[in-house]
Amino acid sequence: MQSEQVSKSIPDRASEASRRQRAGTEFIGGYGMKTGDSDLRFIEGQLPEDEDRIESDESPAQQLELVLQNLEATLNQRGQRMDDVLQLTLYLADMDAYESVNETYERYFEDTYPARTTVGACELLGGAAVTVDAVAVLE
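Residues numbered from 1 in each chain as written. Predicted model: local features only at pLDDT ≥ 70, side-chain atom pairs only at ≥ 80, totals over all residues. Heavy atoms only, no water.

Some words on the packing of aromatic side chains
The condition is simple: Ring pairs are drawn from Phe, Tyr and Trp, using the six-membered ring of Trp, whenever the two centres fall within 6.5 Å, and their geometry is named by plane angle: stacked under 30 degrees, edge-to-face over 60, tilted for the rest. Any residue under 20% of the maximum accessible area for its type is buried, any over 50% is exposed, and the rest in between are partly exposed; the area is computed with a 1.4 Å probe on protein chains only.
Per the counting criterion, the structure on display carries two aromatic pairs. Aromatic pair Tyr 105 and Phe 109: ring centres 5.0 Å apart, planes at 45 degrees, arrangement tilted. Look at Tyr 105 and you get buried, because its relative accessible area is 4%. Site record: aromatic cluster; members linked through ring pairs are Tyr 105, Phe 109 and Tyr 113.

Side note on the pairing of strand E7 (residues 115–120)
Quick note on the threshold: Note: two strands are recorded as paired if DSSP finds a minimum of 2 bridges between them. Secondary structure elements are taken from DSSP: a helix is a run of H or I of four residues or more, a strand is a run of E of two residues or more, and numbering for both begins at the N terminus. Here a crossover is taken to be right-handed if, once the strands point away from the viewer, the path from the first strand over the helix to the second is traced clockwise.
In this structure, strand E6 (residues 85–92) lies alongside E7, joined through six bridges in parallel fashion. Paired with Thr 89 across the bridge in E7 is Thr 117. Traced from E6 through helix H3 (residues 98–108) to E7, the parallel crossover comes out right-handed.

Observations concerning the side chain of Thr 74
Worth spelling out the cut-off: Contacts are assigned to residue pairs that have any heavy atoms within 4.5 Å of one another.
For Thr 74, the position within the fold is in helix H2 (residues 60–77). Given a relative accessible area of 16%, Thr 74 falls into the buried group. In contact with Thr 74, not counting residues within four places along its chain, are Ile 43 and Gln 46.

Things to note about the nonpolar core
Note that soluble globular proteins tend to have their nonpolar side chains buried in a common cluster. Using the following cut-off: Among the buried residues, those of types Ala, Val, Leu, Ile, Met, Phe, Trp, Tyr and Cys that are joined through side-chain atoms within 4.5 Å form a nonpolar core.
Residues Leu 64, Leu 71, Leu 88 and Leu 90 are the most contacted members of the largest nonpolar core, which totals 19 residues. Of all the secondary structure elements, the ones that give two or more residues to this core are H2, E6, H3 and strand E8 (130–137). Element by element, the count of residues in this core is highest for H2, at five residues. Residues Leu 47, Ile 54, Ala 121 and Ala 128 belong to the second largest nonpolar core, which totals five residues.

Some words on unusual backbone geometry
The residue Glu 51 is not glycine, and still its phi comes out positive at about 55 degrees. If you trace the backbone, Glu 51 turns up in the loop between strand E4 (49–50) and strand E5 (53–54). Positive phi, normally seen in glycine, also occurs at Asp 52, with a value near 60 degrees.

Observations regarding the pattern of salt bridges
Pairing between side chains of opposite charge can happen when the charged atoms of each approach one another. As a reminder, the rule being used: A side-chain nitrogen of Lys or Arg and a carboxyl oxygen of Asp or Glu constitute a salt bridge if their distance falls within 4 Å.
Counted according to the given criterion, the structure contains four salt bridges. When the shortest N-O distance is used, the salt bridge between Arg 53 and Glu 55 registers 2.8 Å. You can call Arg 53 partly exposed: its relative accessible area is 43%. Ionic pairing is found between Glu 65 and Arg 107, a salt bridge with its closest N-O pair at 2.4 Å.

Looking at H3
To keep it simple, the criterion reads: Directions from the helix axis toward the C-beta atoms define the arc.
Taken together, the buried positions of H3 are occupied by Val 101, Asn 102, Thr 104, Tyr 105 and Tyr 108. Each buried residue of H3 lies within a common arc of 165 degrees when the element is viewed along its axis, so the set occupies one face. What points out from H3, more than 90 degrees from its buried face, is the exposed set Glu 99, Glu 103 and Arg 107. Next to the buried residues of H3 lie H2, E6 and E7.

Concerning H2
Threshold: Take the residue count of a helix, subtract one, and multiply by 1.5 Å to get its expected span.
With 18 residues, H2 ought to run about 26 Å at 1.5 Å a step, and its terminal C-alpha atoms sit 26 Å apart, in line with that. Those residues of H2 that sit buried are Ala 61, Gln 63, Leu 64, Leu 66, Val 67, Leu 68, Leu 71, Thr 74 and Leu 75. Elements that come into contact with the buried residues of H2 comprise strand E3 (40–46), E4, E6, H3 and E8. Trailing H2 by a residue or two, Gly 79 shows a phi angle of about 75 degrees, which is positive.

The values reported here are purely geometric and, on their own, carry no functional implication.
Given below as structure tokens:
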């Protein structure tokens, strides 16, 4: 009886069930753009790409700039903004670059920063210094 009341109080979901794969550079594998029913959009594996080329020769701060520009473009294509980002995971190949990438990060989120985790990684795809996963709200 109690479980029936709980299931009736769950709101309809804003998104539809799907399993679409990420478009992008060919060698990166099968990253998903969205999975299942949710009021959240999951954007993973954002690399410092420009015209399907990973800009691994740039500084970590410049790479994050490109990653966040690409993330913003991805959100805008879906009618969303950077303000819709609730959580961001930042992967760094060199944790010594933390201060410089943090300055770049702060420019993209004005009033309220999303929850963020920064993870040190030994190596990232394509020799990138930085990659980002994000969770954005749909409503």
